[in-house]
Amino acid sequence: MSEAALLRKPVPPAVWEILAALAVLACRAWSSPLASLWRDWIALLCVYWIFTVFGSRSRTWPYVTGVAMAGLLALYASRQFPLSMTALGLTP
Amino acid sequence: MIVANAATLLGAHSLLQKIKTGKPSVDVVLFLLLRILLISGAVILAGLVGLLTPLALGLAGAVALAVLLARGAQRSLPRPMPLPWNRWLVAGAVLILIRLLLQVWFFAPYTDDALCYHLPKIAEWIRAGGFTREMGSSPRATLPAGFEVVETWWLVFLHHDVLIEMAGLEFLALACGAVYALGRELGWSPSCALGSAILFGMTPGVHLEATSALNDVAAAALVLATAVLVVARTAPSLILVAVALGAGIKPTYVYALPGLALLYGMSRREATLRPGCRWAARGASTLALLAGGFWYARNVLWFGNPVYPMGTPQGAQIQQFGPSLSSLRENVLALIDLRVYDFVSAPGALHTGNANWGAVAFACGFPALIVVLREEPRLRRLAMALLFSLLCVFTLVTLDPWNVRFIQFFPALPALALARVATRHRLLAGLAVIALFLEFISTTLPSEISRPKLASLASQEWSGRSTRPAEPSVAKGVPIGLFSDEGGNPYWLYDPDFSRRVVYLRESALEGLLTTLDREAVTVFYVAVKTDQSNPLFEEGVRKRALEPFRDGFGRGYRRVR
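Rules and cut-offs
- Residues numbered from 1 in each chain as written.
- Chains lettered and ligands numbered in written order.
- Predicted model: local features only at pLDDT ≥ 70, side-chain atom pairs only at ≥ 80, totals over all residues.
- Heavy atoms only, no water.
- Helix = DSSP H or I, 4+ residues; strand = E, 2+ residues; numbered from the N terminus.
- Rg over C-alpha atoms; globule rule 2.2 N^0.38 Å.
- Buried < 20%, exposed > 50% of the residue type's maximum accessible area, 1.4 Å probe, protein only.
- Contact = heavy atoms within 4.5 Å.
- Axes fitted to C-alpha atoms, helices over the stretch in contact; angles between N-to-C directions.
- Parallel < 35°, antiparallel > 145°, perpendicular 65-115°, else oblique.
- Left-handed = near helix turned anticlockwise from the far one by under 90°.
- Nonpolar A, V, L, I, M, F, W, Y, C, P; charged D, E, K, R; others polar.
- Pairing = 2+ DSSP bridges.
- 1 Å grid on protein atoms, 1.4 Å probe; cavity = no way out; pocket = protein on both sides within 12 Å on 5 of 7 lines; lining within 4 Å.
- Points joined across faces, edges and corners; volume = space filled by probe spheres on them.
- Buried area = accessible area lost by both parts, 1.4 Å probe.
- Salt bridge = Lys/Arg side-chain N within 4 Å of Asp/Glu carboxyl O.
- Polar contact = N/O pair within 3.5 Å; in protein donor to acceptor, adjacent residues only side chain to side chain.
- Phe/Tyr/Trp six-rings, centres within 6.5 Å; stacked < 30°, edge-to-face > 60°.
- Lys NZ or Arg CZ within 6 Å of the ring centre and 35° of its normal.
- Core = buried A, V, L, I, M, F, W, Y, C linked by side-chain atoms within 4.5 Å.
- pLDDT = per-residue confidence, 0-100.
- Lys, Arg positive; Asp, Glu negative; His and termini not counted.
- Expected span 1.5 Å × (residues − 1).
- Bend = angle between axes of the 7 residues up to and from the residue.

Undergrad: A description of the overall build of chain B should follow, citing residues and the corresponding values.
TA: The number of helices and strands found in chain B is 23 helices and five strands. Relative to the compact-globule value of 24 Å for 562 residues, chain B shows a C-alpha radius of gyration of 24 Å, a close match. Of all 562 residues assigned to chain B, the portion counted as buried reaches 60%. When contacts within chain B are restricted to residue pairs at least 6 apart in sequence, long-range pairs at least 24 apart make up 76% of them.

What follows is the structure, encoded as structure tokens:
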């Protein structure tokens, strides 16, 4: 295949998706402290997005998705749920 | 109340027969819109002619019901049929509905915004039996009141505010119906669509605000209803019904319109569904334009400005006027860096510091959205449209701790996506149920109802239930004054049965103030703290022994001394 033909070939959507996810991830890494990136909601979603591009048809996909959701749920609940419990008067 | 509600329900059903699309889920949305339209029309007309009374509206309802029954409108009512949904989902929806009805019964209006400027005008209307020029002391009182009209409907018959939150429930039903219809329009099963509706309805911000007498859920419901009508390719005249009603509820609905216009543009190649009777559809859109445009026309007549007080120095203190890219940037960063985590406070109706999108959207909905967006082009279009609406709203409102209330249509996307993904994998459905359970717990009480307030509400009889700190030191039914530029929560002074007259004092000289007090037979008036600190009027009154200061459990005020 000639170089011109290669250049004319459209970039697959998956590549664009990965580039977009990496760009957002880079922005978050640039704008937030690196030490707190592991609990940055957008960064975690970007990592999950990249996994989904590669592994959405794999057998492990539901389990990895479950782990991602459970992790985000733990991140959310660890800080929010105590507030709700306090408001309801259900804290010891 | 029962007869008038039956009349609007049967009337909406009868109208629907003429304009229905043939798609049951879209027709349910149209039915709910038509009911809100009939209620709005009835209350506005009654308010204009001074017949906003239980007797007049009850009689009108009885006549309308008799005419509808005589014409056989009941014959086209749907017959009971097997429910097409998963029984666990139905059980969950019923449980949520029962708790919502208990919240309606138990809560009294509690947010400052409602007490300060949404509800005092309704109290004036109910007391006067019609629309009044007096709407309270807040500059926000002149903003569109399409939601307050539906609240008025739930107050006027009982002359009491015990059911005021039912108005919010009407719009919550519309919002959930719209999410359900969107799911069905995307080609998903009835159970999947019902799951989406439940997940959206349990979004903490949406759920708690529905019973708070605030109008943002109503605006969000109209955004989603408009989206349904656009996606389903209904006739433009029917889309106009939703647009006009939305514009009459809150300008933030109008701010979201560019996204809906984008959705319309993206769907325009699909065939349009023609309504059965074009004249009925045009009639409905004309009535909606009259109902939604009423507030803007009134402001033109009274103030020469349809969006008064916006565009005036007074309006500048309320909200920015026009777009601002710095507002967009600040609002987006505040949302994704801070508010989406919901860790500033427990969920509340005012959304203070939080997005209140909840565990379902945050933890499960957005990952699911990534998956479903990759697969479903029609959801991609809807997501682009709602994202554009969100950005438009954020461009037009100043950053403050509460403004995520204006974009409550957006959690519909993660709710839709999560229901779709959860129907495929039991593991993910289980996680969604856990997140939903957390939301169910956290939406039991809004953060604005503190524990002492809760104890106070529980100790009161339903007929006198109020969130005010204490009863005013004036006998029941005796008029009371309020001197306030903004704040002071005037609605509390009317009493839950609207038995007390409230006189708003705006005088700048002592002589005028005393004249008004004597003319209106007001012996006691309260003063909002901000006003009290800045006004030497009262010191002069005390010095001249015309006023005597006092402080009680309700607040700070003055007694007239003769």
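There's plenty left to go through after this.
Undergrad: Kindly report on the packing of helix H10 (residues 216-231) of chain B against helix H11 (residues 236-249) of chain B, identifying the contributing residues and their values.
TA: Packed helix pairs are characterised by how far apart their axes lie and by the angle those axes make with each other. Residues and elements named next belong to chain B. At a minimum axis separation of 9 Å, H10 and H11 run at an interaxial angle of 165°. When the axes of H10 and H11 are compared, the pair comes out roughly antiparallel. Here the hand of the crossing between H10 and H11 comes out left-handed. Taking contact as the criterion, the partners of Ala-218, Ala-219, Leu-222, Thr-226, Leu-229 and Val-230 in H10 are, on H11, Leu-238, Ile-239, Ala-242, Val-243, Leu-245, Gly-246 and Ile-249.

Undergrad: Talk me through the packing of helix H7 (residues 166-185) of chain B against helix H8 (residues 190-201) of chain B; I want residue IDs and the actual numbers.
TA: Residues and elements named next belong to chain B. In the contact formed by H7 and H8, the axes pass within 8 Å of each other and the chain directions differ by 145°. Seen along the crossing, H7 lies across H8 with a hand that is right-handed. For the pair H7 and H8, contact is made by Leu-172, Ala-175, Cys-176, Val-179, Tyr-180, Gly-183 and Arg-184 and by Pro-190, Ala-193, Leu-194, Ser-196, Ala-197, Phe-200 and Gly-201, respectively. Classifying every residue of the contact of H7 with H8 gives ten nonpolar, three polar and one charged.

Undergrad: I'd like a rundown of the pairing of strand E3 (residues 524-527) of chain B, residues and numbers included.
TA: Residue and element names in this part refer to chain B. Of the two faces of E3, both are covered, the one formed by Val-524 and Tyr-526 as well as the one formed by Phe-525 and Val-527. Sheet analysis places strand E1 (residues 480-483) next to E3, joined by three bridges and oriented parallel. The residue of E3 that forms the bridge with Phe-483 is Val-527. As paired strands, E3 and strand E5 (residues 556-560) are joined by three bridges and run antiparallel to one another. Looking at the pairing, Tyr-526 lines up with Gly-557 of E5.

Undergrad: With reference to specific residues and values, describe the layout of surface pockets.
TA: Residues and elements named next belong to chain B. By volume, the largest pocket amounts to about 1,800 Å³. Around the largest pocket, the lining is made up of 48 residues, and of these Val-28, Leu-32, Trp-85, Ala-173 and Gly-177 lie nearest the centre. Mapped onto the lining of the largest pocket, the elements with two or more residues apiece are helix H1 (2-19), helix H2 (24-49), helix H4 (87-106), H7 and H8. Looking at which element gives the most residues to the lining of the largest pocket, the answer is H7, with ten residues.

Undergrad: So, the interface of chain B and chain A: which residues are in play, and what are the values?
TA: Contacts between the two partners involve 35 residues from chain B, matched on the other side by 34 residues from chain A. Interface area for chain B against chain A, summed over the two sides, is near 3,100 Å², with a carbon-plus-sulfur share of 75%. The interface formed by chain B and chain A contains two salt bridges. A salt bridge links Arg-28 of chain A to Asp-337 of chain B, with the nearest nitrogen and oxygen atoms 2.6 Å apart. Inspection of the chain B/chain A interface yields five residue pairs in polar contact (both at pLDDT 80 or more). When residues of the side of chain B that touches chain A are traced back to their parent elements, those giving at least two are helix H15 (325-337), helix H16 (358-375), helix H18 (412-422) and helix H19 (426-442) of chain B. No other element matches H16 of chain B, which puts eleven residues into the side of chain B that touches chain A.

Undergrad: Go over the packing of aromatic side chains with me, naming the residues and quoting the values.
TA: Evaluated as defined, the whole model comprises 29 aromatic pairs over all chains. Lying across the ring of Phe-550 of chain B, Arg-559 of chain B places its NZ or CZ 4.5 Å from the centre.

Undergrad: So what's going on with the nonpolar core? Residues and values would help.
TA: In terms of nonpolar packing, the biggest core is built from 189 residues, with Trp-41 of chain A together with Phe-171, Leu-174, Leu-224, Trp-357, Leu-382 and Phe-409 of chain B touching the most fellow members. Considering each element in turn, this core owes the most residues, 14 residues, to H10 of chain B. Once residues lying within four places of it in the same chain are set aside, the contact partners of Leu-224 of chain B are Ala-175, Ala-178, Val-179, Leu-182, Phe-200, Leu-386, Phe-409 and Ala-412 of chain B. Counting residues in each nonpolar core, the second largest holds 15 residues, with Phe-483, Leu-505, Phe-525 and Leu-547 of chain B among its members.

Undergrad: Would you mind going over unusual backbone geometry in detail, with residue names and values included?
TA: All names here are of chain B. The step from Tyr-308 to Pro-309 runs through a cis peptide bond, and the omega angle for that step is 10°. Here Pro-309 is to be found in the loop between helix H13 (278-303) and helix H14 (313-316). Backbone geometry places Phe-498, a non-glycine residue, at a positive phi of 55°. Considering the arrangement of structural elements, one finds Phe-498 in the loop between E1 and strand E2 (502-505). Despite not being glycine, Ala-521 has its phi angle at roughly 60°, a positive value.

Undergrad: Before we move on, can you summarise the pattern of salt bridges with the specific residues and values?
TA: All names here are of chain B. In the structure shown here, the tally under the stated rule is 23 salt bridges over all chains. One salt bridge in this structure joins Arg-424 and Glu-375, with 2.6 Å as the shortest N-O distance. Of the two residues, Arg-424 is situated in the loop between H18 and H19 and Glu-375 in helix H16; the sequence distance between them amounts to 49 residues. Given the relative accessible area of 37%, Arg-424 is considered partly exposed. The structure contains a network of salt bridges with shared partners spanning Arg-468, Lys-476, Asp-495, Asp-497 and Arg-500.

Undergrad: Account for the confidence of the model for chain B, naming residues and giving values.
TA: A low pLDDT score tells you not to read the predicted coordinates there in detail. Residues at a pLDDT of 70 or more form 99% of chain B, whose mean pLDDT is 92. Taken over the whole predicted complex, pTM reads 0.94, whereas the ipTM for its chain interfaces reads 0.90.

Undergrad: Tell me what's going on with the pairing of strand E4 (residues 547-551) of chain B, and back it up with residues and numbers.
TA: All names here are of chain B. Examined bridge by bridge, E4 and E5 share five bridges and lie antiparallel to one another. When the sheet's bridge partners are listed, Glu-548 is paired in E5 with Arg-559. Between E4 and E5, which pair antiparallel and follow one another directly, the connecting turn spans four residues.

Undergrad: Please provide a residue-by-residue account of the sheet that holds E3 of chain B, values included.
TA: Residues and elements named next belong to chain B. On the basis of which strands lie adjacent, the open sheet formed by five strands has the order E2-E1-E3-E5-E4 and mixed pairing. Edge positions in the sheet fall to E2 and E4, since each has one partner strand and no second. Here the average twist between neighbouring strands, direction ignored, is 30°.

Undergrad: Kindly report on the side chain of Arg-465 of chain B, identifying the contributing residues and their values.
TA: Residues and elements named next belong to chain B. Tracing the sequence through the fold places Arg-465 in the loop between helix H20 (451-459) and E1. Glu-461 provides the closest opposite charge to the buried, unpaired Arg-465, separated from it by 7.4 Å. In contact with Arg-465, other than residues within four places in its own chain, are Trp-105, Phe-106, Ala-108, Leu-457, Gln-460 and Pro-496.

Undergrad: Explain H13 of chain B to me, and be specific about the residues and the numbers.
TA: All names here are of chain B. If you check H13, its first and last C-alpha atoms are 36 Å apart, about what 26 residues at 1.5 Å a residue would give, namely 38 Å. The largest bend along H13 measures about 45° and falls at Phe-294. Three or more residues of H13 are buried, namely Ala-280, Ala-281, Ala-284, Ser-285, Ala-288, Ala-291, Gly-292, Phe-294, Trp-295, Tyr-296, Arg-298 and Asn-299. In this structure, the buried residues of H13 make contact with H1, H2, helix H5 (112-128), helix H6 (146-156), H11 and helix H12 (251-267). Taken from the residues just after H13, Gly-304 is the one with a positive phi, measuring 75°.

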